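Each chain is listed here by its residues.
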Amino acid sequence: MPPKEKRKAASDQESTTKKSRADQQSSSETTSSNNITDVVSHLHNLLQTKETELKEREAEFNRRVKSFEAAHPSIGSDTDVIQLNVGGRTNIAVLRNTLTQFEDSMLAAKFSGRWDDSMEKDRDGNVFVEEDPDNFAM
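Residues numbered from 1 in each chain as written. Predicted model: local features only at pLDDT ≥ 70, side-chain atom pairs only at ≥ 80, totals over all residues. Heavy atoms only, no water.

## What about the overall build of the protein?
Logical step 1: Assigned secondary structure in the protein consists of 3 helices and 3 strands.
Logical step 2: Taken from N to C terminus, the helices and strands of the protein fall in the order α-β-β-α-α-β.
Logical step 3: For the protein, the residues scored as buried account for 13% of the 138 residues in total.
Logical step 4: Within the protein, contacts between residues separated by at least 24 positions form 42% of all contacts whose residues are at least 6 apart in sequence.
Logical step 5: Here the protein displays about 11400 Å² of accessible surface, and carbon together with sulfur accounts for 51% of that area. (Helix = DSSP H or I, 4+ residues; strand = E, 2+ residues; numbered from the N terminus. Buried < 20%, exposed > 50% of the residue type's maximum accessible area, 1.4 Å probe, protein only. Contact = heavy atoms within 4.5 Å. Areas by Shrake-Rupley, 256 points an atom, 1.4 Å probe, with all protein chains shown as cover.)

## Notes on the confidence of the model for the protein
Logical step 1: On average, residues of the protein score 81 in pLDDT, and 73% of them are at 70 or above.
Logical step 2: Ranking the elements of the protein by mean pLDDT puts helix 1 (residues 3–71) last with 79 and strand 1 (residues 81–86) first with 90. (pLDDT = per-residue confidence, 0-100.)

## Description of the pairing of strand 2 (residues 90–95)
Logical step 1: Sheet topology note: the strand 1/strand 2 ladder contains 6 bridges and is antiparallel. The residue of strand 2 that forms the bridge with Val-86 is Thr-90.
Logical step 2: What sits between strand 1 and strand 2 in their antiparallel hairpin is a turn of 3 residues, with Gly-87 showing a positive phi close to 65 degrees. (Pairing = 2+ DSSP bridges.)

## Regarding the side chain of Asp-122
Logical step 1: Of note, Asp-122 is situated in the loop between helix 3 (106–110) and strand 3 (127–129).
Logical step 2: Within the structure, the side chain of Asp-122 is placed 2.9 Å from the side chain of Asn-85, a separation counted as a polar contact.
Logical step 3: Separated by 2.9 Å, the side chain of Asp-122 and the backbone nitrogen of Asp-124 make a polar contact.
Logical step 4: Setting aside chain neighbours within four positions, we find Asp-122 in contact with Asn-85 and Asn-91. (Polar contact = N/O pair within 3.5 Å; in protein donor to acceptor, adjacent residues only side chain to side chain.)

## Focus on the sheet that holds strand 2
Logical step 1: Reading across from one edge, 2-1-3 is the order of the 3 strands in this open sheet, with mixed pairing throughout. Each having just a single partner strand, strand 2 and strand 3 make up the two edges of the open sheet. Taking the axes of each pair of neighbouring strands and ignoring which way they run, one obtains an average angle of 35 degrees across the sheet. (Axes fitted to C-alpha atoms, helices over the stretch in contact; angles between N-to-C directions.)

## A closer look at the nonpolar core
Logical step 1: One finds Ile-82, Leu-84, Val-86, Val-94, Leu-99, Phe-111, Met-119, Val-127 and Val-129 forming the largest nonpolar core, which totals 9 residues.
Logical step 2: Mapped onto this core, the elements with two or more residues apiece are strand 1 and strand 3.
Logical step 3: Counting residues per element, this core draws most heavily on strand 1, at 3 residues.
Logical step 4: Setting aside its immediate chain neighbours within four residues, Val-127 contacts Ile-82, Gln-83, Leu-84, Asn-85, Phe-111, Met-119, Glu-120 and Lys-121. (Core = buried A, V, L, I, M, F, W, Y, C linked by side-chain atoms within 4.5 Å.)

## Describing the pairing of strand 1
Logical step 1: Bridge count between strand 1 and strand 3: 3 bridges; the pairing is parallel. By the bridge assignment, Asn-85 is partnered in strand 3 with Phe-128.

## Things to note about the environment of Asn-135
Logical step 1: Within the secondary structure layout, Asn-135 lies in the segment after strand 3.
Logical step 2: The sequence separation of Asn-135 and Val-86 amounts to 49 residues, and the corresponding C-alpha distance is 9.2 Å.

## Topic: the pattern of salt bridges
Logical step 1: The tally for this structure, following the rule as stated, stands at 6 salt bridges.
Logical step 2: Close ionic contact of Lys-55 with Glu-51 constitutes a salt bridge, the shortest N to O distance being 4.0 Å. Pair noted here: Lys-55 and Glu-51 are both in helix 1, with a separation of 4 residues, about one helical turn.
Logical step 3: When its relative accessible area of 52% is taken as the criterion, Lys-55 is described as exposed.
Logical step 4: With a relative accessible area of 42%, Glu-51 lands in the partly exposed category.
Logical step 5: With a shortest N-O distance of 3.2 Å, Arg-96 and Asp-80 are connected by a salt bridge. Residue Arg-96 is located in helix 2 (residues 96–99), and its partner Asp-80 is located in the loop between helix 1 and strand 1; the two are separated by 16 residues in the primary sequence. (Salt bridge = Lys/Arg side-chain N within 4 Å of Asp/Glu carboxyl O.)

Here it is in structure tokens:
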């Protein structure tokens, strides 16, 4: 084969090899792109499923809260005036808001409104607080 034809054949072969590599790379990129698309689609579906589950759980929680509130109507508001009998000697009126202003305190827990029906009361209906009345003096 003459040198000119050898060069042309070599050039054609090199061109074919480059084209083949480009096709393989393109095919690989397409496969990779398809894999990424599949993963993104799967994650999107998973996210939608979890979001639906969360909304259902939230709706159930809200139903339970409404049910609890309906069953326990005695839970008071911050503006309720509570009559206290302190130590059997001192009767005072105080806003629930005052007793519950320190969230982690015993008074906040006791006067949150959740326990109003179970609190000890004197014969006049005042909440009995077994403490030294001097601690409540002004």
